[in-house]
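# Notes for the structure review
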Amino acid sequence: MIFSKKPLQTLTLALAMIFSYGSFANTTIDSLYVKAEAVDPVHGNHVETHGEVEEEFNASDLINSHIGDSHEFHIADWNGHPISFYLPVILWTNDGLKIFSSEKFHHDNTGHHLVDVDGQKFVRYNEVIFYADAFEKLSEEDKSAFNFEARPLDFSITKNVFSMLMSAVLLFVLFFFAARSYKKNDKAPKGLAGFLEPLVVFVRDDIAIPNIGHKKYAKYMPYLLTIFFFIWINNLIGLIPFFPFSSNLTGNIYFTFVMAFITFLVTSFSGNKYYWSHILTPPVPKALYPIMVPVEIIGMLTKPFALMIRLFANITAGHIIILSLISLIFIFKTVAVGPVSGAFVLFMSVLEMLVAALQAYVFTLLSALFIGQAVEEHDHH
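Residues numbered from 1 in each chain as written. Predicted model: local features only at pLDDT ≥ 70, side-chain atom pairs only at ≥ 80, totals over all residues. Heavy atoms only, no water.

The name given to the protein in an unreviewed UniProt entry is ATP synthase subunit a, with Flavobacterium ichthyis as the source organism. Per UniProt, the protein carries the Function (unreviewed entry) text "Key component of the proton channel; it plays a direct role in the translocation of protons across the membrane." What the UniProt record of the protein gives under Sequence similarities (unreviewed entry) is the line "Belongs to the ATPase A chain family." (UniProt positions renumbered as here; feature names shortened; annotations may be inferred.)

### Here we look at helix 9 (residues 253-270)
Along its 18 residues, helix 9 runs 25 Å from first to last C-alpha, staying within 8% of the 26 Å computed at 1.5 Å per residue. Looking only at helix 9, the buried set comprises Phe-255, Thr-256, Met-259, Ala-260, Thr-263, Phe-264, Thr-267, Ser-268 and Ser-270. Close packing links the buried residues of helix 9 with helix 8 (217-237), helix 10 (273-280), helix 11 (289-332) and helix 12 (337-375). A distance of 2.8 Å separates the backbone nitrogen of Tyr-254 from a side-chain oxygen at the start of helix 9, and that oxygen is part of Asn-252. (Helix = DSSP H or I, 4+ residues; strand = E, 2+ residues; numbered from the N terminus. Expected span 1.5 Å × (residues − 1). Buried < 20%, exposed > 50% of the residue type's maximum accessible area, 1.4 Å probe, protein only. Contact = heavy atoms within 4.5 Å. Polar contact = N/O pair within 3.5 Å; in protein donor to acceptor, adjacent residues only side chain to side chain.)

### Describing the UniProt feature "transmembrane region" (unreviewed entry) in the protein
Those places that UniProt annotates as "transmembrane region" (unreviewed entry) correspond, in this numbering, to residues 161-179, 223-243, 249-269, 311-332 and 344-371. Taken end to end, residues 161-179 comprises 100% helix and 0% strand; its first and last C-alpha atoms sit 27 Å apart. Helix makes up 100% of residues 344-371 and strand 0%, whereas the separation of the span's terminal C-alpha atoms amounts to 39 Å.

### So, the pairing of strand 10 (residues 128-131)
The two faces of strand 10 match: Val-128 and Phe-130 on one face and Ile-129 and Tyr-131 on the other face are all buried. Here strand 9 (residues 120-125) pairs with strand 10 via four bridges, running antiparallel. Bridge pairing in strand 10 places Tyr-125 opposite Val-128. Connecting strand 9 to the next strand, strand 10, in antiparallel fashion are two residues, including Asn-126 with a positive phi near 55 degrees. (Pairing = 2+ DSSP bridges.)

### With respect to the pattern of salt bridges
This model, assessed by the stated rule, comprises four salt bridges. A salt bridge links Glu-72 to Arg-124; the nearest nitrogen and oxygen atoms lie 3.3 Å apart. A residue pair is termed long-range when its members are at least 10 positions apart, and Glu-72 in strand 3 (residues 72-78) and Arg-124 in strand 9 qualify at 52 residues. With a relative accessible area of 5%, Arg-124 lands in the buried category. Its salt-bridge partner being Lys-98, residue Asp-118 comes within 3.7 Å of it at the nearest N-O pair. Highlighted residues: Asp-118 in the loop between strand 8 (113-117) and strand 9 and Lys-98 in strand 6 (residues 96-101), separated in sequence by 20 residues. The exposure class of Asp-118 is exposed, given its relative accessible area of 71%. Its relative accessible area of 8% is what places Lys-98 among the buried residues. (Salt bridge = Lys/Arg side-chain N within 4 Å of Asp/Glu carboxyl O.)

See the structure below:
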C-alpha cells in the first residue's frame, strides 16, 4: 500500500539508496579516465599527455578495495582529484616510534606507495607497510603481512580500527543514556531505553537462559550483550556507503578470529570438571582413547573456527554480491542495465539489513550454546 500511495517518495528513496551505493566505487570507478604517458615519436622521450584515456574497468579491484582494509576513507572525487579522510600511521621501527599521516604516501616509479619519514623509507603494498630497502629484495610470495622481519610493527588507525573504536564509543553512549534514563524513570521505559530493553530481554530470555540455564546465565549476560550489539552495529556500519562508515569490520577475518577466540577462552575457562573429563577421558573403552581424545580436542577447536568463518563469509558475501551488481553497469557500459542492477541492489540492501541482525543473533546464540555445554551440570545416579 505504501508504494501505491506514495510513489514519488518511494522512487526518491530508491534512487537515493542506489546512487549512494555508487560511492562504493571508490577510486576505481571514479578513475575510469586517467592521465596517460606517451612516447615522443621523434626523440623517443616520455611525454605526459593530459588527454583522457579510457581504462579497462576491473570489478575485482573494486570489490577488493571495498571489502579490504585501508589507511584512508575515500569520500569522493572532485575535478579528477580524490577527496579523502586520511588516518594516522603509527609504526614501531628499528629507529623507534614513527607517527605520520597516511596522506604522505605517494606513488613511486614502480606504482607502489612510498613515504620518507626522517630519512627512513617505507613502502605500502596491499595496505601492508614494509621497510623500503627490505621490500625491494622480497619475492612476491614473501610480501605478506606475516613477514615481520621485513616490516615494522604496525599500530596504525585503519578504516576497520576506526570503525571498531567508533562503534565501541557508540555502544557505550547508547547504554549510558539508557541506564541513566532508568534512574529518572521508575515506570515503563521510554525513548532509547524503551528501544533497547526488548533487545536485552530477548538476549536474556531467548539466548542466555535456554542455553546456559537459570542458575548461571547472569554471569555471562554482559559478554553476550556486548558481542550481540557490537557485531550488529558493525554489520550495519558496513552497509552505510559513506564516511565515517563504509568499513567492512565484520567481514575481516582477523576481527572474526579475535571474536571467536574470545568465545573460546570464555568457554575454556568456564568449563567444569565434567566438561574437561568428557574431553580428556571420554566415556569409551580406554583402548579407544588414542582415537577419541584427539577427536574431542579437534571438536573443541572447530567450534570457534565455525564461528569465525560463518560471520566472515556471510558478511563478505553480501558485500560482494552488491558490488558485483553495481559493476554490471560498468562491465556492459550501458545505462540500460542500471534499472535492473539498481533494483537488485535495493533488494540486496534490505536483505543485508536482516542478515546484519541475524548474524549477530547466530554468533551470540552459538557462543551461549558453547558456554552452556561447558558449565552444564550432570546428575550422577
